[in-house]
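Chains, contacts and geometry: an overview
Residue strings, one per chain:
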Amino acid sequence: MFEHSDTINKIISKRKLSKGIHELWIFNPFVSKHTKPGQFVIIKVSEKGERIPLTIAETNGDNFRIVVKAVGKSTYELCSLKQGDILFDVAGPLGKPSEVKFYGNVLVIGGGVGIAAIYPIAKALKEVGNKLTVIIGARTIDDLIMKDEFEFADRVIKATDDGSSGQKGTVIDFMEEELRNSKYDIIWAVGPAIMMKFASEVADKHNLPIWVSLNSIMIDGTGMCGGCRTLIKNEKDGEIKYVCVDGPEFDGRYVDWDSFMKRLNQYKEQEKIAFERYLDQIGDISWL
Ligand SMILES: Cc1cc2nc3c(=O)[nH]c(=O)nc-3n(C[C@H](O)[C@H](O)[C@H](O)COP(=O)(O)OP(=O)(O)OC[C@H]3O[C@@H](n4cnc5c(N)ncnc54)[C@H](O)[C@@H]3O)c2cc1C
Ligand code: FES
């Protein structure tokens, strides 16, 4: 039994990392104990809410950390919660863990909120002895989260599209430069789908494996509905994989990016309606 103060799925702490991106530490001993790098949870904020997947960015004792970017109704709701609030439901850890082992020279790339997802993977890769270069990037200085948290890596390249913090350029620019100048054995890249697509094309040119973490639309997250299905191409044709149980990580060189991105947008109209209705209800969003 937990003490009242240790209510399961209670938000232990909450912090704004940048405009629209918030960090939450959540009390859940089961998730915290069993999580491995690369895994995620599915959260239902309230009884009538939808289930949304979020990467487990870190664990500490009985608590786990998520970093959420407000992009629509459910993520806005999550970001609006306060310390002490209790989430209606948390399922996890879900998905296959990352293949953490010694490879040699590893390049890890995080874009936007993907920086939080890449963090536990980078840390674990370093702990098993890999030489690690990390590239983190965002549009502007305000979006560059966790910029002081990758000090454990051998090198950290911080990039912003507008040069307002770190070096000017996209993570793809710096990735290309790294691969031209140094020899790498494997790459990890997590960020917006379009970034992962371009990163996969660059890796393909250099004949290097690249793990990407697919952020498909999910419902159950346990392999029962196929909502997350994605076409992974092999030499002959293609195979349908369920991102929630077969992934979320795949070699980006084999992902059918066009159909993947099309599926990400399939509920755009309904999402827009739900979001506008929600914004009307809550009014002021200057806190975000
Ligand atoms: C395995 C996994 C791990 C994830 N980890 C994180 C994380 O650590 N932090 C985080 O902030 N987000 C993460 N996401 C994305 C997150 O699940 C979506 O942002 C969320 O479901 C959007 O819900 P919403 O109701 O707020 O927005 P919606 O109203 O559903 O969507 C608003 C807009 O956001 C975009 N969107 C919708 N779904 C996704 C999606 N799955 N991924 C990217 N963009 C989307 C679309 O452009 C859409 O129009 C992850 C997704 C997956 C599958
Ligand atoms: S989310 Fe239902 S099968 Fe993956």
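Residues numbered from 1 in each chain as written. Chains lettered and ligands numbered in written order. Predicted model: local features only at pLDDT ≥ 70, side-chain atom pairs only at ≥ 80, totals over all residues. Heavy atoms only, no water.

For the protein, an unreviewed UniProt entry supplies the name Oxidoreductase FAD/NAD(P)-binding domain protein and the organism Fervidobacterium nodosum. Per its UniProt entry, the protein bears the Sequence similarities (unreviewed entry) comment "Belongs to the PyrK family." (UniProt positions renumbered as here; feature names shortened; annotations may be inferred.)

1. Overview of the site of ligand 1
Surveying the vicinity of ligand 1 reveals 22 residues, the closest of which are E50, P53, K69, T75 and E271. Here V67 contributes a backbone N or O atom positioned 2.8 Å from a nitrogen atom of ligand 1. Alone, ligand 1 offers 870 Å² of accessible surface; in the complex the protein occludes 84% of this. Among the secondary structure elements, those contributing two or more residues to the shell around ligand 1 are β4 (51–55), β6 (63–69), α2 (73–79) and α8 (268–282). Looking at the shell around ligand 1 element by element, the count peaks at four residues for β4. (Near = heavy atom within 4 Å. Polar contact = N/O pair within 3.5 Å; in protein donor to acceptor, adjacent residues only side chain to side chain. Areas by Shrake-Rupley, 256 points an atom, 1.4 Å probe, with all protein chains shown as cover. Helix = DSSP H or I, 4+ residues; strand = E, 2+ residues; numbered from the N terminus.)

2. Section: the sheet that holds strand β5 (residues 58–60)
Reading across the sheet, the four strands line up as β1-β2-β6-β5 and stay open at both edges, with antiparallel pairing between neighbours. Strands at the two margins of the open sheet, each flanked by one partner only, are β1 (10–18) and β5. Neighbour-to-neighbour, the strand axes of this sheet turn through a mean angle of 25°, independent of strand direction. (Pairing = 2+ DSSP bridges. Axes fitted to C-alpha atoms, helices over the stretch in contact; angles between N-to-C directions.)

3. Digging into the side chain of R65
On the secondary structure map, R65 appears in strand β6. A residue is classified by how much of its surface remains accessible, and R65, at 3% relative accessible area, is buried. Of note is the side chain of R65, whose polar atom sits 2.8 Å from the side chain of E23. At a separation of 2.8 Å, a polar atom in the side chain of R65 contacts the side chain of E58. (Buried < 20%, exposed > 50% of the residue type's maximum accessible area, 1.4 Å probe, protein only.)

4. Observations concerning the nonpolar core
Counting 36 residues, the largest nonpolar core has I109, M175 and I187 as its most contacted members. Lining this core are residues from two domains, each supplying at least three of them: domain 1 (10–94) and domain 2 (105–265). The residues touching I109, leaving out its near neighbours within four places in the chain, are I118, I135, V171, M175, I187, W188, A189, V190 and M195. By size, the runner-up hydrophobic cluster in this structure holds 27 residues, among which are I21, V108, I145 and I186. (Core = buried A, V, L, I, M, F, W, Y, C linked by side-chain atoms within 4.5 Å. Domains from an automatic or database assignment. Contact = heavy atoms within 4.5 Å.)

5. Quick notes on the pattern of salt bridges
In the structure shown here, the tally under the stated rule is 15 salt bridges. Two residues, R65 and E23, come together in a salt bridge whose shortest N-O distance is 2.8 Å. Of this pair, R65 sits in strand β6 while E23 sits in strand β2 (residues 21–27), and the two are 42 residues apart along the sequence. Notably, a salt bridge pairs R51 with D89, separated by 3.9 Å at the nearest N-O pair. Of the two residues, R51 sits in strand β4 while D89 sits in strand β7 (residues 89–94), which places them 38 residues apart along the sequence. (Salt bridge = Lys/Arg side-chain N within 4 Å of Asp/Glu carboxyl O.)

6. With respect to the side chain of E23
Relative accessible area serves as the criterion here: at 4%, E23 is assigned to the buried category. With residues near it in sequence (within four places) discarded, E23 still touches S13, K14, R15, L17, R65, I66 and V67.

7. Side note on the UniProt feature "binding site: [2Fe-2S] cluster" (unreviewed entry) in the protein
This chain's UniProt record puts "binding site: [2Fe-2S] cluster" (unreviewed entry) on C225, C228 and C244. Considering the C-alpha atoms alone, the annotated residues occupy 20 residues of sequence yet fold into one spot, their largest mutual distance being 10.2 Å. Here C225 lies in the loop between β13 (210–213) and β14 (229–233). Aside from chain neighbours lying at most four places away, what touches C225 is I219 and D220. With respect to the helices and strands, C244 occurs in helix α6 (residues 243–246). Among the residues examined, C244 registers a relative accessible area of 2% and is labelled buried.

8. Looking at the pairing of strand β8 (residues 105–111)
Looking along a regular strand, one sees side chains alternate from face to face of the sheet. Here β8 lies mainly inside the structure; seven of its seven residues are buried. Alternating residues of β8 divide into N105, L107, I109 and G111 and V106, V108 and G110, and every residue in both groups is buried. Sheet topology places β8 next to strand β9 (residues 131–138); seven bridges connect them, and they run parallel. Each residue of the ladder has a partner; that of V106, found in β9, is L132. In this fold, the crossover linking β8 to β9 by way of helix α3 (residues 114–127) has right-handed handedness. Inspection of the sheet shows β8 paired to strand β12 (residues 186–190) by five bridges, in the parallel sense. Following the sheet pairing, V106 is matched in β12 by I186. (Right-handed = clockwise from strand over helix to strand, strands pointing away.)

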